[in-house]
Amino acid sequence: MKQNPLSEKARRTGPPPISWLMSARLDNPDLISLAVGFVDQDTLPCDDTLACCRTILEDTPRGRAALQYGSTSGLPALRESILDRLTVEAGLAPDRQGLTPDHVVVTTGSQSLLYLITEVLVDPGDVVLIGDPSYFVYMGILGSVGAEVRGVPVDENGMRIDALEDAIGWLRDEGKLGRLKLIYVVSYFQNPSGLSLSPERRRELVRLVRDIRAESPVFVLEDGAYRELRYAGPADPPVKAYDSENDLVAYAGTFCKSFSAGLKTGYGLLPDRLIEPVLNEKGNLNFGSPNFNQCILDEAIRSGLYARHVETVRAGYESKLRLACDALGEHMPEEADWIEPQGGLYIWMTLPSSIDTGPAGELFRRATDHGVLYVPGEFCFYPEPGREKPKNCLRLSFGVESPDTVREGIRRLGRAVAETLT
Ligand SMILES: Cc1ncc(COP(=O)(O)O)c(C=O)c1O
């Protein structure tokens, strides 16, 4: 019998969208990758991590506890520190919002929190609204759970609330508002646009969700992956800070961007209603994320090494962002357009509509010939049936390459764009 042995979910699950871009770089180390969103190799904290490991392991009982399994929800001390940091730095008000460390769940990177939340809320056919453009790895999760996904346009102030209201109105008209489960926003220095949701829109988003709660079981999934990579502008409170009753917003954070991606540790700050289902699901998945990594992060935070390190990485990325924007100014033709972000790892560029930035297009071929890779913008728009995706955008990352190679990569890309335009 030639039956397909795979589950329906496995059949809905495709390969990671840009894994071929990663392997292109591995196959040809001379290529400059302005595509991968990896963090800066040169600032990864070897000395700090070694110091934390020593402190933990030289104290044998503490070391043994660290090398033992932890709990599903994560190391209590780290969960306390996470809430403290979000209170001091991001303006959360635990007393007023009813938040305690029990609302914090430590996960294996914030990606797995996004996965867990989506798993516990979304059945096939449920609706999820996301930014247009949006973080493409999250789109993979949405495809795999069988969500009906609709894009909401993003402008220089983040997701447009008027467009969100329209999308909600259309769902109401179609009788689908009751199936709206999630509104996903990357609130700080969005991947891929580099832009943040303005404070007014953060407040309006919560107001809007509260207004439709009687008709829809929707939650906001706020992805704050880049919150700590801020190089300019004020430290706006997250959408979560406006969730006065802790019942509307699940916040996802991570230490991967600010400290070490290799420790792959993130967290969620969850509404009461979601804690138990998320922990149940996580119990099945791994009954706890790596305990030793959590102990390292806890030690780094308590000793002050973490805060110092965040300052160092911010300064490094800020100078790379400035040089990347200067190089774009120097090497891109007039017709190219971008907004300089105030943080994060990405610059989003829009080219004339005659240029197709896709992997089969002329620009991508020319860029690869000149030895530079970017992420074609079409990967950042969900493939909604019947909708033409914008073809003339691209995402550049200045995170992983050195200052010299970022500059050289942009020079090569400028040549490819100029040649494609002629
Ligand atoms: C917007 C966004 N959210 C979440 C993640 C997941 O990060 P991690 O699982 O490494 O914490 C990433 C990674 O690049 C991201 O860009």
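The shown structure was predicted, so the numbers you read here are calculated from the model rather than taken from an experiment.

A. Seen up close, the site of the ligand. As a structural note, the neighbourhood of the ligand is formed by 13 residues, with Asp223, Tyr226, Thr254, Lys257 and Lys264 the closest of them. Within the backbone of Ser110, an N or O atom sits 2.8 Å from an oxygen atom of the ligand. Taking Lys264, its side chain carries an N or O atom lying 2.7 Å from an oxygen atom of the ligand. For the ligand, whose unbound accessible area comes to 390 Å², protein coverage reaches 92%. Because more than half of its atoms lie within 2 Å of the grid, the ligand is assigned to the largest pocket. For the shell around the ligand, the leading source of residues is helix H7 (residues 109-121), giving three residues. Taken together, the residues of the shell around the ligand break down into five nonpolar, five polar and three charged.

B. Highlighting the packing of aromatic side chains. Considering all chains together, one arrives at eleven aromatic pairs under this definition. Ring geometry for Tyr226 versus Tyr346: centroids 5.5 Å apart, planes at 85°, classification edge-to-face. A residue pair is termed long-range when its members are at least 10 positions apart, and Tyr226 in the loop between strand E7 (219-223) and strand E8 (249-254) and Tyr346 in strand E11 (residues 346-350) qualify at 120 residues. Both residues of the pair, Tyr226 and Tyr346, count as buried. On the basis of an interplanar angle of 85° and a centroid distance of 5.6 Å, the ring pair of Phe255 and Tyr306 is categorised as edge-to-face. Of this pair, Phe255 sits in the loop between E8 and strand E9 (266-269) while Tyr306 sits in helix H13 (residues 305-331); the two residues are 51 residues apart in sequence, bridging distant segments of the chain.

C. Structural view of empty space enclosed by the protein. Under the counting rule described, the total for this entry stands at four cavities of 30 Å³ or more. Of the voids in this model, the largest cavity is the one considered here, and its volume is about 100 Å³. Every element with two or more residues in the lining of the largest cavity is listed here: strand E5 (158-159) and strand E6 (180-186). Element by element, the count of residues in the lining of the largest cavity is highest for E6, at three residues.

D. Quick peek at the domain arrangement of the protein chain. If you check the domain split of the protein chain, you get domain 1 (8-44 + 308-421) and domain 2 (49-305). Using C-alpha coordinates to define each centre, domain 1 is positioned 25 Å away from domain 2. On the side of domain 2, 41 residues touch domain 1, which itself brings 35 residues to the contact. Carbon and sulfur atoms supply 59% of the area buried between domain 1 and domain 2, which totals about 3300 Å² over both sides. Together, Arg314, Gln342 and Tyr382 form the three largest contributors to the area buried by domain 1 at its contact with domain 2, with a combined 21%. Viewed at the interface, domain 2 and domain 1 are joined by two salt bridges. Applying the counting rule to domain 1 against domain 2 returns 18 residue pairs in polar contact (both at pLDDT 80 or more). Residue assignment for the side of domain 1 that touches domain 2 shows that the elements contributing at least two residues are helix H1 (8-12), H13 and E11. The residue inventory of the side of domain 1 that touches domain 2, partitioned by class, reads 20 nonpolar, six polar and nine charged.

E. Examining the environment of His370 more closely. For His370, the location among the structural elements is in helix H14 (residues 362-370). Residue His370 is classed as buried on the basis of its relative accessible area, which comes to 18%. As for His370 and Asn157, which are separated by 213 residues in sequence, their C-alpha atoms are 34 Å apart. Setting aside residues no more than four positions away along its own chain, His370 makes contact with Arg412, Arg415, Ala416 and Glu419. Polar side-chain contacts of His370 include one of 3.0 Å to the side chain of Glu419.

F. Quick look at helix H3 (residues 46-57). Taking 1.5 Å of rise per residue, the twelve residues of H3 would be expected to cover 16 Å, and the 16 Å separating its terminal C-alpha atoms lies within 8% of that figure. Of all the positions in H3, only Asp48, Thr49, Cys52, Cys53 and Ile56 are classed as buried. All buried residues of H3 lie within an arc of 135° about the axis, which places them on one face of the element. Along H3, the residues that are exposed and aim more than 90 degrees away from the buried face are Cys46 and Asp47.

Calculation criteria
Residues numbered from 1 in each chain as written. Predicted model: local features only at pLDDT ≥ 70, side-chain atom pairs only at ≥ 80, totals over all residues. Heavy atoms only, no water. Near = heavy atom within 4 Å. Polar contact = N/O pair within 3.5 Å; in protein donor to acceptor, adjacent residues only side chain to side chain. Areas by Shrake-Rupley, 256 points an atom, 1.4 Å probe, with all protein chains shown as cover. 1 Å grid on protein atoms, 1.4 Å probe; cavity = no way out; pocket = protein on both sides within 12 Å on 5 of 7 lines; lining within 4 Å. Sits in = over half its atoms within 2 Å of the grid points. Helix = DSSP H or I, 4+ residues; strand = E, 2+ residues; numbered from the N terminus. Nonpolar A, V, L, I, M, F, W, Y, C, P; charged D, E, K, R; others polar. Phe/Tyr/Trp six-rings, centres within 6.5 Å; stacked < 30°, edge-to-face > 60°. Buried < 20%, exposed > 50% of the residue type's maximum accessible area, 1.4 Å probe, protein only. Points joined across faces, edges and corners; volume = space filled by probe spheres on them. Domains from an automatic or database assignment. Contact = heavy atoms within 4.5 Å. Buried area = accessible area lost by both parts, 1.4 Å probe. Salt bridge = Lys/Arg side-chain N within 4 Å of Asp/Glu carboxyl O. Expected span 1.5 Å × (residues − 1). Arc of directions from axis to C-beta.

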